[in-house]
Amino acid sequence: MDLGRCAVLVPMYNEATVVGAVVADLRQHFPHVICVDDGSTDDSAEVARRYGAVVLAHPLNLGQGAALRTGFDFVLGHTDATHVVTFDADGQHDVADALSMLAVAHEEGVDVVLGSRRRGVDVGQSWARRQVLRLGLHYTRWTTGLDLTDTHNGLRVLSRRALGRLPLRQCGMAHASELERLVAQQQLSWCEHPMSITYSAYSRAKGQSSANAFNIVYDLLAARLDAS
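Note that the structure is predicted; figures quoted are calculated from it, not measured.

Which residues make up the overall build of the chain, and what values do they have?
The secondary structure content of the chain amounts to nine helices and seven strands. The buried share of the chain, taken over its 228 residues, is 51%. Contacts in the chain between residues at least 24 apart in sequence constitute 76% of all its contacts with a sequence separation of at least 6. Carbon and sulfur atoms make up 52% of the accessible area of the chain, which amounts to about 10,500 Å² in all.

What follows is the structure in structure tokens.
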């Protein structure tokens, strides 16, 4: 497994206090870390560069889905990476899980490896957040037909082949369900892998509110109606 042929993609928005440590941890194993600064008003971009990341920048805050799309386009157009790891900027994810998931992608030859909190460990998740994710999981299973155990998890491994078949249109957080729908629609091979996630006081404060789940559902339903 050649880590030099893998790019780690980190979307970020106002993460200057934590992104340096995240990039530093990733760079101990992955030579290529790409941060997409989604219109931050703090020093996120400067900090990420200082710790060795390549930084792509949006002039305005467009949303995490748009940040991932920018990253996917960059990887396809400017690198020879065979795989991409998507990794959150807020310190919730464990680099060891990313390495394990990348190994699965290589050894089993699957296009998409999705991290699963339900198969692994999550620490500090609120009851309200757990219920929102449970509802989101039911929705995703219903709309995709995929027998998932988790959804809206930012830790994934995608093959280069998968990147070219995932034309994300959702700019906001609804991109996560859209990506899973596209995996089913494009008949990409996939699997889940156990991973741990730690909800710190910082990540809980930064995370999307439970009320935002209704905005996500609205965006997805509107997109389905527009496509019909």
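Which residues make up the nonpolar core, and what are the values?
Counting residues in hydrophobic clusters, the biggest one holds 35 residues, and the most contacted among them are Leu-26, Phe-30, Val-33, Cys-35 and Phe-87. Elements represented by at least two residues in this core include exactly strand E1 (6-12), helix H1 (19-27), strand E2 (32-38), helix H2 (44-50), helix H4 (95-108) and strand E7 (190-198). Here this core gets seven residues from one element, more than from any other, and that element is H4. Leaving out residues up to four positions away in the same chain, Cys-35 has contacts with Val-10, Met-12, Val-19, Val-23, Ala-48, Ala-53, Val-54, Val-55 and Leu-56. Ranked by size, the runner-up nonpolar core spans 24 residues in total, among them Phe-72, Ala-81, Leu-114 and Leu-168.

The rules behind the values
- For every chain, the first residue of the written sequence is number 1, and numbering continues from 1 along that sequence.
- Thresholds applied to this predicted model are a pLDDT of at least 70 for local features of residues and 80 or more for the giving and counting of side-chain atom pairs; totals over whole chains, interfaces and linings are not thresholded and use all residues.
- With hydrogens and water stripped out, all remaining heavy atoms of the structure feed into the side-chain values.
- Runs of H or I in DSSP of at least four residues are treated as helices and runs of E of at least two as strands, each being numbered from the N terminus.
- When accessible area is computed with a 1.4 Å probe and restricted to protein chains, residues below 20% of their type maximum are described as buried, those above 50% as exposed, and intermediate ones as partly exposed.
- In what follows, a contact means two residues having at least one pair of non-hydrogen atoms within 4.5 Å.
- Every accessible area reported is derived by Shrake-Rupley at a probe size of 1.4 Å, with residue values counting cover from the shown protein chains alone.
- Residues grouped as a nonpolar core are buried Ala, Val, Leu, Ile, Met, Phe, Trp, Tyr and Cys residues, joined through side-chain atoms within 4.5 Å.

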